[in-house]
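Overview (structure and organization)
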Amino acid sequence: MPAKLSVNLNAVAMLRNRRDLPWPSVTGLGRIALEAGAHGLTVHPRPDQRHIRFSDLPDLRALIDDEFPSCEFNIEGYPSEDFLELVERIEPEQVTLVPDDPAQATSDHGWDFEGQGGLLEPVIARLKKSGFRVSLFSDAEPGGIAAAKALEADRVELYTGPYGGCYDNPQKAAPEIEKLGKTADAARVAGLAVNAGHDLTVANLPALMRRIPDLAEVSIGHGLTADALEYGMAETVRRFLKACGN
Ligand SMILES: CC(=O)[C@@H](O)[C@H](O)COP(=O)(O)O
Ligand SMILES: NCC(=O)COP(=O)(O)O
């Protein structure tokens, strides 16, 4: 079963921000990705706006609404009041909550679903009242899934960084794939759909897809943008669509 591909535009925005110039266009590259068959776009507007700027979001929302109405917008971030008000203004199809400290270089861990349940429960209720699908960033830990389900999330997004970084070393990759697979198995039993993301590439996706054949969605940015510099965005999206079973 193919996984949907959501193209993360963070790295495109990082390149755009190097100069006070409007290129590369975040919306323009998003359009090329959707024209090539991507199922959606993902952004992670961090508090310091190091890459995606809050001002990018209305343009990306309008791109999907006006030109690709069957595609989805996924906004990731830590559920601060500012973030929640931003997503309530933009109204994405999916919100992916990530436990990132503003000072983090990147996302590098999932939620402590039990220890942070008091923070997450009212946030999830607020987001679902607005009609958003809620996904929670999750480590490859099957034991946390019951608590994630109890919080009434719709999905978990498996943090695939530890796997992505060692996929070319079979001894290291095999146990990481199995931890991801067992967590996905637990999520399936609990009735949670499973997304995945972080450091995924054309090379490491196939083994993940074989272990988790019902993966609902992968959101990919860094590796996809690196390939787009070599193959162009349209051809790169087609390569990643094939790698996740489309
Ligand atoms: C949640 C996750 O793993 C990534 O989507 C994250 O958005 C990457 O953030 P940076 O692009 O800022 O590294
Ligand atoms: N949720 C993962 C994502 O959106 C992109 O992660 P990466 O491919 O930039 O590592």
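What counts, and at which threshold
- Residues numbered from 1 in each chain as written.
- Chains lettered and ligands numbered in written order.
- Predicted model: local features only at pLDDT ≥ 70, side-chain atom pairs only at ≥ 80, totals over all residues.
- Heavy atoms only, no water.
- UniProt positions renumbered as here; feature names shortened; annotations may be inferred.
- Core = buried A, V, L, I, M, F, W, Y, C linked by side-chain atoms within 4.5 Å.
- Buried < 20%, exposed > 50% of the residue type's maximum accessible area, 1.4 Å probe, protein only.
- Contact = heavy atoms within 4.5 Å.
- Helix = DSSP H or I, 4+ residues; strand = E, 2+ residues; numbered from the N terminus.
- Salt bridge = Lys/Arg side-chain N within 4 Å of Asp/Glu carboxyl O.

Per an unreviewed UniProt entry, the protein chain goes by Pyridoxine 5'-phosphate synthase and derives from Nitratireductor indicus C115. In its Subunit (unreviewed entry) section, the UniProt entry covering the protein chain states "Homooctamer; tetramer of dimers." According to the UniProt record, the Pathway (unreviewed entry) comment for the protein chain is "Cofactor biosynthesis; pyridoxine 5'-phosphate biosynthesis; pyridoxine 5'-phosphate from D-erythrose 4-phosphate: step 5/5."

Turning our eyes to something else, we now look at the nonpolar core. Formed by 75 residues in total, the largest nonpolar core has its most connected members in Leu 5, Leu 41, Leu 97 and Leu 136. Contact partners of Leu 5, with chain neighbours within four places excluded, come to Ala 38, His 39, Gly 40, Val 218, Ile 220, Leu 224, Val 237, Phe 240, Leu 241 and Cys 244.

This brings us to the environment of Ala 226. By the secondary structure assignment, Ala 226 is in helix α10 (residues 222-231). Along the chain, Ala 226 and Val 12 lie 214 residues apart, while their C-alpha atoms are 9.7 Å from each other.

Applying the stated rule across the entire model yields 17 salt bridges. For the salt bridge of Arg 61 with Asp 65, the shortest nitrogen-to-oxygen distance reads 2.9 Å. Taken together, the residues Arg 61 and Asp 65, both in helix α3 (residues 56-67) and four residues apart, mark about one turn of the helix. Taking relative accessible area as the criterion, Arg 61 reaches 8% and is therefore assigned buried. Note that Asp 214 is salt-bridged to Arg 188, the shortest N-O span being 2.6 Å. Linking Asp 214 in the loop between α9 (205-211) and β8 (217-220) with Arg 188 in helix α8 (residues 170-190), this pair joins segments that are 26 residues apart in sequence.

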